[in-house]
Amino acid sequence: MSGPLVVLVGPMGVGKSTVGELLAARLGTTYRDTDADVVAAAGKPIAEIFYDEGEEHFRVLERRAVEAAVAGHTGVLALGGGAVLDAATRELLAGRPVAYLSMDVDEAVRRVGLGAARPLLAVNPRRQWRELMDARRPLYEEVARTVVATDETTPDEVAQAIIDALELPEGEAAPGVENTGMTQQGPTRIQVAGSAGSDPYEVLVGHQLLGELPQLIGERARRVAVLHPEALAETGEAVRQDLADQGYEAIAIQLPNAEEAKTVEVAAYCWKALGQTGFTRTDVVVGIGGGATTDVAGFVAASWLRGVRWIAIPTTVLGMVDAAVGGKTGINTAEGKNLVGAFHPPAGVLCDLAALDSLPVNDYVSGMAEIIKAGFIADPVILDLVEADPEGARTPAGPHTAELIERSIRVKAEVVSSDLKESGLREILNYGHTLAHAIEKNERYKWRHGAAVSIGMVFAAELGRLAGRLDDATADRHRTVLESVGLPLTYRGDQWPKLLENMKVDKKSRGDLLRFIVLDGIGKPTVLEGPDPAVLLAAYGEVSA
């Protein structure tokens, strides 16, 4: 019987993707995920399909994806958690080498507690998990040739158990598949060095990372405050409950969504909650959400008792590659963005890539601006990966998602390890941000940060070109790369006087002297001080709509 070498079934969060990729490497073949096929076909995340068209429509798309994959894929294939609900799919799997990956309810909630992307576990994860499994467990067992429990086991051990049970042949890499002989050992860990009296910490990138949280919190803490935006209310409560079950006095503090959270009134609300709870210097703040949430969580932690430990759990691309790394925390005022804040590095950062599946496409694309920025200032491989597959770069299901995020984090980690407080090298991370922050203020912080940064980078490239610093090809490359993923390139031409005034209070300015980060070439950022006003106006003319 032709078809996949092995098919993985099991509930959401059980680790089918991680184990599937390990198996493919061991067996010298390729890996395919029908959930990714559905996302690619629909052009939007699974959560959006559920919300926009309903579960029935999603199941139709899923059935088609399974049929195509079983017919055309000869490597390792992973199916979505509910694929076995379809009778035709179960019949299609009959007699095939199917492995059912199982886990108990406590392990399930630990792994999918960050599941804003899990539309079927939106309110009460434990109860709804039991109900789902009562319905699906017999179906998983019906199609499976072997059952492998994943509780308290590593992905390597699960992969080996499947190989042994199904007697799969470990072999050489298939054409076009790199087989290094190495297997994945959990999440990628990126070190950020301590400086200026701060402790070093790690940024973890991968899947199923919630289990790392208690270790980061530590044994000295008695109380934990989980700060989350309104949009992630269920997620915040799930994490709070999980910590409470482990013995911590855990509270959840709900913040407004996005930039509306970054006000002194919201910070004061959080301080009041910490005071009423009796928070001490050994207790811990956890921030779950996008960059605005982690900015507020870090600022509240920095200012409470002159500094308590905090942990960032970013759930957006922007949060992962920018806001949660480096220790810059802050809130906005009427006079500008992040003008009140502190340098207060976290005790750790957990970047669970599964959280990205629920992001609206515009929010995901917005985060790509910071990734592309990292490519221009330090790592040109990022630009090559985006240019090789612009459509893939627009979605978490893209082939280079993890690498793009990890490379961007490494760029920032290396910079902030050398310069915590932006006294020198760290300024390069502000490439495109001088104009971007002025645009954001002009739009009363209603614009997505990445959209403003995209325009800011095009402006900085034109400024560099006009100043004789940057070649035409590299300046033009800004436009093509940013436009290829759907980021904007222009802003209203009549707003220049307001933008110029806004830029004069930018944090990078020195007195009345405007400072811009420009490029001498890819990976060669430098500072341009006090450019001629006529050059500034000409550069803005290139981004004026």
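Everything that follows concerns the structure shown earlier in this document.
Each value, and the rule that gives it
- Residues numbered from 1 in each chain as written.
- Predicted model: local features only at pLDDT ≥ 70, side-chain atom pairs only at ≥ 80, totals over all residues.
- Heavy atoms only, no water.
- Helix = DSSP H or I, 4+ residues; strand = E, 2+ residues; numbered from the N terminus.
- Buried < 20%, exposed > 50% of the residue type's maximum accessible area, 1.4 Å probe, protein only.
- Contact = heavy atoms within 4.5 Å.
- Pairing = 2+ DSSP bridges.
- Axes fitted to C-alpha atoms, helices over the stretch in contact; angles between N-to-C directions.
- Phe/Tyr/Trp six-rings, centres within 6.5 Å; stacked < 30°, edge-to-face > 60°.
- Core = buried A, V, L, I, M, F, W, Y, C linked by side-chain atoms within 4.5 Å.
- Salt bridge = Lys/Arg side-chain N within 4 Å of Asp/Glu carboxyl O.

1. Here's the deal with the environment of lysine 504
Then, number 1: Following the sequence through the fold, lysine 504 ends up in the loop between helix H21 (496-503) and strand E15 (515-519).
Then, number 2: Its relative accessible area of 41% is what places lysine 504 among the partly exposed residues.
Then, number 3: Sequence-wise, lysine 504 and leucine 514 are ten residues apart; in three dimensions their C-alpha atoms are separated by 6.4 Å.

2. Focus: the side chain of glutamate 62
Then, number 1: Mapped onto the elements, glutamate 62 comes out in helix H4 (residues 55-72).
Then, number 2: When residues no more than four places from it in sequence are discounted, the contact partners of glutamate 62 are Asp35, Val38, Gly80, Gly82 and Ala83.

3. Considerations on the sheet that holds strand E4 (residues 98-102)
Then, number 1: With respect to topology, five strands assemble into an open sheet ordered E2-E3-E1-E4-E5, the strand pairing being parallel. This sheet does not close on itself; its edge strands, each paired only once, are strand E2 (31-33) and strand E5 (146-149). When strand polarity is set aside, the average angle formed by the axes of neighbouring strands in this sheet is 25°.
Then, number 2: In this structure, strand E1 (residues 6-9) lies alongside E4, joined through three bridges in parallel fashion. The residue bridging valine 7 from the neighbouring strand is valine 98, located in E4.
Then, number 3: Strands in contact with helix H2 (residues 34-42) are E2 and strand E3 (76-78); relative to E2, the strand with the most contacts, it is inclined by about 60°.

4. Thoughts on the packing of aromatic side chains
Then, number 1: Under the counting rule described, the total for this entry stands at six aromatic pairs.
Then, number 2: With 5.4 Å between their ring centres and 90° between their planes, tryptophan 447 and tyrosine 491 make a pair best called edge-to-face. With tryptophan 447 in the loop between helix H18 (433-442) and helix H19 (449-466) and tyrosine 491 in the loop between helix H20 (472-484) and H21, the pair connects residues that are 44 residues apart, well separated along the chain.
Then, number 3: Look at tryptophan 447 and you get partly exposed, because its relative accessible area is 26%.
Then, number 4: By the ring-pair criterion, three or more aromatic residues cluster together here, those being Phe459, Trp496, Phe516 and Tyr540.

5. Quick look at the sheet that holds strand E14 (residues 348-352)
Then, number 1: In space, the seven strands of this open sheet follow the order E6-E7-E14-E11-E10-E8-E9, with mixed pairing throughout. The outermost strands of the open sheet, each flanked by one partner alone, are strand E6 (188-192) and strand E9 (249-255). Within this sheet the neighbouring strands show an average axis-to-axis angle of 15°, counted without direction.
Then, number 2: Relative to strand E11 (residues 309-314), strand E10 (residues 284-289) is paired through six bridges, and the arrangement is parallel. For isoleucine 288, the partnering residue across the bridge sits in E11 and is isoleucine 313.
Then, number 3: Across the face of the sheet, helix H11 (residues 264-277) comes into contact with strand E8 (223-229) and E9 while running at roughly 165° to E9.
Then, number 4: The strands touched by helix H12 (residues 291-303) are E8, E9, E10 and E11; relative to E10, the strand with the most contacts, the crossing angle is about 170°.

6. A short note on the nonpolar core
Then, number 1: Val203, Met368, Ile372, Ile405, Ile409, Tyr431 and Phe459 are the most contacted members of the largest nonpolar core, which totals 95 residues.
Then, number 2: Not counting residues up to four positions away in its chain, the partners in contact with valine 203 are Thr188, Arg189, Ile190, Val192, Val325, Val349, Cys351 and Ile409.

7. Brief notes about the pattern of salt bridges
Then, number 1: Inspection of the entire model under this criterion finds 32 salt bridges.
Then, number 2: Residues glutamate 202 and arginine 189 are paired through a salt bridge, measuring 2.9 Å at the closest nitrogen-oxygen approach. Of this pair, glutamate 202 sits in strand E7 (residues 201-206) while arginine 189 is found in strand E6, placing the two residues 13 residues apart along the sequence.
Then, number 3: For the salt bridge of aspartate 476 with arginine 465, the shortest nitrogen-to-oxygen distance reads 2.9 Å. Placement of the pair is aspartate 476 in helix H20 and arginine 465 in helix H19, with a sequence separation of eleven residues.
Then, number 4: Relative accessible area serves as the criterion here: at 36%, aspartate 476 is assigned to the partly exposed category.

Shape descriptors only; they carry no functional weight alone.
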